[in-house]
Amino acid sequence: MEAPPSFFLSQNRSLTLKPSSPLHPHFLLPNSNNNNNKNRFSSTCEIKSNLRNWSIEHVREMNKDSSIHGNNNSSSSSFSSSLVSVSAATSSEFRTKNAKKVVLFFCDETKSLAQKIASESDTIELRTISWGKFPDGFPNIFIPNAQSIRGQHVAFLASFSSPAVIFEQIPVIYQLPKLFISSFTLVLPFFPTGTSERMEDEGDIATAFTLARLLSNIPISRGGPTSLVTFDIHALQERFYFGDNILPCFESGIPLLKRRLQDLPDSDNISIAFPDDGAWKRFHKQLQHFPTIVCAKVREGDQRIVRIKEGDPSARHVVIVDDLVQSGGTLVECQKVLAAHGAEKISAYVTHGIFPNKSWARFEHDNGGHPESAFTYFWITDSCPLTVKEVTNKPPFEVLSLASSISASLQI
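This structure is a prediction, so every number in the text was calculated from the model and none was measured. (Residues numbered from 1 in each chain as written. Predicted model: local features only at pLDDT ≥ 70, side-chain atom pairs only at ≥ 80, totals over all residues. Heavy atoms only, no water.)

### With respect to the pairing of strand β7 (residues 102–106)
In terms of burial, β7 is a largely internal element, five of the five residues being buried. Side chains V102, L104 and F106 project from β7 onto one buried face, and the interleaved V103 and F105 project onto a second face that is buried too. Bridge count for β7 against strand β8 (residues 124–127) is four bridges, and the pairing is parallel. Within β8, the position partnered with V103 by the bridge is E125. Where β7 and strand β11 (residues 153–157) come together, five bridges link them in parallel fashion. The partner of L104 across the bridge, within β11, is A155. (Buried < 20%, exposed > 50% of the residue type's maximum accessible area, 1.4 Å probe, protein only. Helix = DSSP H or I, 4+ residues; strand = E, 2+ residues; numbered from the N terminus. Pairing = 2+ DSSP bridges.)

### Comments concerning the sheet that holds strand β14 (residues 246–251)
The six strands are arranged β8-β7-β11-β12-β13-β14 in an open sheet whose pairing can be described as parallel. Only two strands of the sheet have a single neighbouring strand rather than two, namely β8 and β14. The sheet shows a mean angle of 25° between the axes of neighbouring strands, taken without regard to direction. Each of β7, β8 and β11 touches helix α3 (residues 111–119); the most contacted strand, β8, lies at about 155° to it. (Axes fitted to C-alpha atoms, helices over the stretch in contact; angles between N-to-C directions. Contact = heavy atoms within 4.5 Å.)

### What about the sheet that holds strand β18 (residues 317–325)?
If you walk across this open sheet you meet the seven strands as β17-β16-β15-β18-β19-β20-β21, and the pairing is mixed. With one partner strand each, in any of the chains shown, β17 (303–310) and β21 (397–400) form the two edges of the open sheet. Put simply, the sheet's adjacent strands are angled 25° from each other on average, direction ignored. Relative to β21, strand β20 (residues 378–381) runs parallel, the two being bridged by four bridges. Counterpart to W379 in the pairing with β21 is E398.

This is the structure we're talking about:
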């Protein structure tokens, strides 16, 4: 149990503390220039929360003797200023001392994102890996100065954009926990086989389950099982594919979208559209304060047509939200039906912009007045680094970086 804080004040005052901001357990406020012991008073505190979350609720004079205190208003103001200064300094010092220092490795594809993550915190140290190949094409990998990471918290920022890069990163992911490190975290922003998560016919292979089993067998480090950080996994049931030797942490990119929407000039005219019931189930609770439109696919003969199931897009800036996009066919069909029902502007957000075969090129920028054929904004995150390189500075695309979210996750 942590000891209560000790205070020494220049005047005799009573403090009442309430949970709010961190305070250092021990600090000393400046006393008056008079070193006479009779003018040095101790204070008492009412403890209302744990040590890390205290703030001053009020200050009450305990001695009204003007010969000691002089001008009460002046001394109170001076006292408050001193206390705020000390509180701010000790709060920052407390957070720095208690932050977890992490050594972050990365692959070639995730170098840019890793640099952004490191810029978010002084507690994250970037370390490189030598990625080579033997003449026969198989990986030739080396971790420089591997002994220096012993006893440290280590993370690896992966990108599983193709089977080839998965194979070369798996040996590194399996080796790092064996280097006598304190803990190991695998950051995999996009879990790539998520769309192959179930069997619909005898003979189908659920590759999502296979990859989950592969990651579940990462060797245990000295600190215990590996932590896995991933964003907006395609099917919620996939969390049950992982075994007991890995601890999945499922994060979301939706908070990034919400912050971006708040910055729009028409932020009070936003409606959220979900292209199907699956997207609604995944995201509606995080976006429930926005008016909602739900689309659905219905079959007419041999065709599947998108219709509005509920909600009214008329005269609204409608943002279509889903977890990922590949060819973009569903988004385009949803866009057309929303425009036909009077949407003023149409934008889109997906956490994972996969866009195989440069399918992103089909999405044009709407400068105004063409919601049926172009998008005002198309937001993606940097979970798929190859796509980010292709669409950067190409309207309507904007990249919302996961760097701050990942940096925070590494402190868990």
